[in-house]
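Single-letter residue listing:
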Amino acid sequence: MNFNTKVIHGGQHHESATGSVNVPVFLTSTFAQKSPGVHSGYEYSRAANPTRQALEDSLASIENGARGLAFGSGLAAIDCVLKLLNPGDEVIAVDDLYGGTYRMFTRLFEKYQLKFTFVNFDDASKIADIITDNTKLIWIETPTNPLMKLVDIKAVVEIAKGKDILVAVDNTFATPYLQRPIDMGADIVMHSATKYLGGHSDVIAGALIAKDVELGEKLHFIQFASGGILGPHDSYLVLRGIKTLALRVQRHSENGMAVAKYLESHPAVAQVIYPGLESHPQYELAKAQMKDFGGMVSFTFKSGKKEDAIKFLEKVRVFTLAESLGGVESLANHPALMTHASIPAEKRAELGITDDLVRLSVGIEDAEDLIADLEKAFS
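In this report, the structure presented in the accompanying data block is examined. Note that this is a predicted model, so its numbers are computed, not measured.

Definitions and limits used
- Residue indices begin from 1 for each chain and proceed along its sequence in written order.
- Only residues with pLDDT of 70 or above have their local features reported here, since the model is predicted, and side-chain atom pairs are shown and tallied only from 80 upward, although totals for entire chains, interfaces and linings are computed over all residues.
- Here the side-chain values reflect all heavy atoms present in the structure, with hydrogen atoms and water set aside.
- Going along the chain from the N terminus, every DSSP run of H or I of four or more residues is numbered as a helix, and every run of E of two or more is numbered as a strand.
- Residue exposure (1.4 Å probe, protein chains only): buried if accessible area is under 20% of the type maximum, exposed if over 50%, otherwise partly exposed.
- Contacts between residues were defined by any pair of non-hydrogen atoms, one from each residue, lying within 4.5 Å.
- We get accessible surface area from the Shrake-Rupley algorithm with a probe of 1.4 Å; when it comes to residues, only the shown protein chains can shield them.
- In this analysis, rings of Phe, Tyr and Trp, with Trp reduced to its six-membered ring, are considered paired at centre separations within 6.5 Å, and the interplanar angle assigns stacked below 30 degrees, edge-to-face beyond 60, and tilted for intermediate values.
- Pairing between strands is defined by DSSP: at least two bridges between the two strands are required.
- Axis angles are defined between N-to-C directions and span 0 to 180 degrees, where every axis is a line fitted to C-alpha atoms and, for a helix, only to the segment in contact.
- Counting rule applied: Lys, Arg positive; Asp, Glu negative; His and chain ends not counted.
- Counted as salt bridges are all cases of a side-chain nitrogen of Lys or Arg within 4 Å of a carboxyl oxygen of Asp or Glu.
- Between N or O atoms, a polar contact is any pair within 3.5 Å; within protein, one atom must be a potential hydrogen donor and the other a potential acceptor, and residues adjacent in sequence are included only when both atoms are from side chains.
- The definitions used throughout rest on a 1 Å grid laid over the protein atoms alone, on which a cavity is an enclosed set of points accommodating a 1.4 Å probe that cannot get out and a pocket is an open set flanked by protein within 12 Å on both sides along at least five of seven lines; lining residues are those having an atom within 4 Å of a point.
- Grid points are joined across faces, edges and corners, and a volume is the space filled by probe spheres set on the points.
- We call Asp, Glu, Lys and Arg charged. Ala, Val, Leu, Ile, Met, Phe, Trp, Tyr, Cys and Pro are nonpolar, and the rest, Gly among them, are polar.
- In these notes, a set of buried Ala, Val, Leu, Ile, Met, Phe, Trp, Tyr and Cys residues joined through side-chain atoms within 4.5 Å is what counts as a nonpolar core.

This part covers the overall build of the protein chain. Counting its secondary structure elements, the protein chain contains 13 helices and twelve strands. With respect to the three principal axes, the spread of C-alpha positions in the protein chain is 75 × 50 × 35 Å. Each of the 379 residues in the protein chain was classed as buried or not, and the buried ones make up 56%. Of the contacts formed within the protein chain by residues at least 6 apart in sequence, a portion of 73% connects residues at least 24 apart. Accessible area of the protein chain: about 15,900 Å², with a carbon and sulfur share of 51%.

This paragraph deals with the packing of aromatic side chains. Enumeration over the complete set of coordinates arrives at 16 aromatic pairs. Judged by centre distance (6.1 Å) and plane angle (85°), the ring pair of Phe105 and Trp139 falls under edge-to-face. In this pair, Phe105 sits in helix α4 (residues 99-109) while Trp139 sits in strand β4 (residues 135-141), placing the two residues 34 residues apart along the sequence. Phe105 gets classed as buried once you look at its relative accessible area, which sits at 0%. An aromatic cluster of three or more residues is present, and its members are Tyr102, Phe105, Phe116, Phe118 and Trp139.

In this section: the sheet that holds strand β6 (residues 188-191). Strands sit in the order β1-β7-β6-β5-β4-β2-β3 across an open sheet of seven strands; the sheet is mixed. This sheet does not close on itself; its edge strands, each paired only once, are β1 (67-71) and β3 (115-119). Within this sheet the neighbouring strands show an average axis-to-axis angle of 20°, counted without direction. Against the sheet, α4 touches β2 (90-94), β3 and β4, its axis set at about 150° to β3. Against the sheet, helix α5 (residues 153-160) makes contact with β4 and β5 (166-170), and its axis sits at roughly 160° relative to β5, the strand it touches most.

This next bit is on the side chain of Asp170. By secondary structure assignment, the location of Asp170 is in strand β5. One buried charged side chain, Asp170, makes no salt bridge at all; its nearest oppositely charged neighbour is Lys195, positioned 8.2 Å away. A polar atom in the side chain of Asp170 sits 2.6 Å from the side chain of Thr172. For Asp170, the contacting residues outside a window of four places in its chain are Trp139, Ile140, Glu141, Thr142 and Met190.

This part is about the layout of surface pockets. A probe as big as a water molecule, rolled over the atoms, marks out the empty space that is left. Of the pockets and cavities examined, the largest pocket occupies roughly 590 Å³. If you go around the largest pocket, you meet 24 residues; those closest to its centre are His13, His14, Glu15, Val23 and Ala54. Top element by residues in the lining of the largest pocket is helix α2 (residues 50-62). It accounts for four residues. Taken together, the residues of the lining of the largest pocket break down into eleven nonpolar, nine polar and four charged. Reported here for the second largest pocket is a volume of approximately 430 Å³. Around the second largest pocket, the lining comprises 25 residues; the ones closest to its centre are Gly74, Tyr98, Ser192, Thr194 and Lys195. Sort the elements by how many residues they give to the lining of the second largest pocket and helix α3 (residues 74-82) lands first, with three residues. Class assignment of the residues belonging to the lining of the second largest pocket gives a composition of ten nonpolar, ten polar and five charged.

Let's shift gears to the nonpolar core. Membership of the largest hydrophobic core comes to 68 residues, with the highest contact counts inside it found for Val238, Leu263, Phe299, Phe312 and Leu360. The element best represented in this core is helix α9 (residues 245-264), accounting for eight residues. Not counting chain neighbours up to four residues away, the residues in contact with Leu263 comprise Val269, Val272, Val297, Phe299, Leu360, Leu374 and Phe378. Residues Phe105, Trp139, Ile153 and Leu215 belong to the second largest nonpolar core, which totals 49 residues.

Now for empty space enclosed by the protein. Under the definition given, this model contains one cavity of 30 Å³ or more. Volume-wise, the largest cavity comes out at about 50 Å³. Along its surface, the largest cavity is lined by Pro143, Met148, Phe173, Ala174, Leu178, Pro275, Met290, Phe293, Gly294, Gly295 and Met296. Grouping the amino acids of the lining of the largest cavity by side-chain chemistry returns nine nonpolar, two polar and no charged.

Now the structure itself:
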């Protein structure tokens, strides 16, 4: 199947008892057994639920993986990956991380004797110099949040090859419509399914997709044993969102480019960070690694003043000032005060997350209305 067909039919089956085209929402905690230990494949919903199973099969299909798993949040999915590791293991992670991921790494898992090294992945070859015998996981975001840095997935996979190191990619910003890391050799793909997969700002969910069956079984055991599962109704909502993923992300990408070009020409703007602009330092990698460039755009003000960013954000109307991203509606965010506030100020400054940085999640409205809204907010 091609991708547009996969999002609707990939891994999906009509419900066997009634022929229902859509999977029902199985609101049950447990399942009747014919004899002790003899059942239809379902015994307790923490282990498996038919609605969640349909979503997990869809996730595996659209990312070309062997096993999909659905969690109560993106952070619950990341938590599951880290529980593959043992005390003393080391993780190499991209330095420009989502704030919640950074917080989990440094404030939760460091105390269990995991070591985290945060690195600029602009030159992937430098990663080879810091790999040790204890390195067991390389954690990538591409594009990163909020600075839209790209990581060359194939180059990182090549460096990790033969070293007993897992490569995991947070594919939330790109989505499998634009980028499929498993096809490039990654072992695990992670999504905050709250974002583009769900697509309607009405669910909190996370996803993992494993490259092979054995790794998928290990992750499923942790999911089952730790209990961070996604409920059946939320599973249904994400599955419904996936069916329109291709249509939505194509429109997000078209609008993202229009907004980025508008911002690049605005006299109040210092820098626009969008992988689809030729001014992006990794534009060629973006063209090679992604089908299109998505709906996430960041920019800074020529004044460099936090006050100008706040004033701008208070004046938007079609854009909504809110955390999160990837919904059909356009959102605007101040990373330093909102999504990345958990990262220490000195670390934000080192990374380039300045106080005048604004991150836009460009939705699927008419581009003309979005640009008009931005124009009014600048005035």
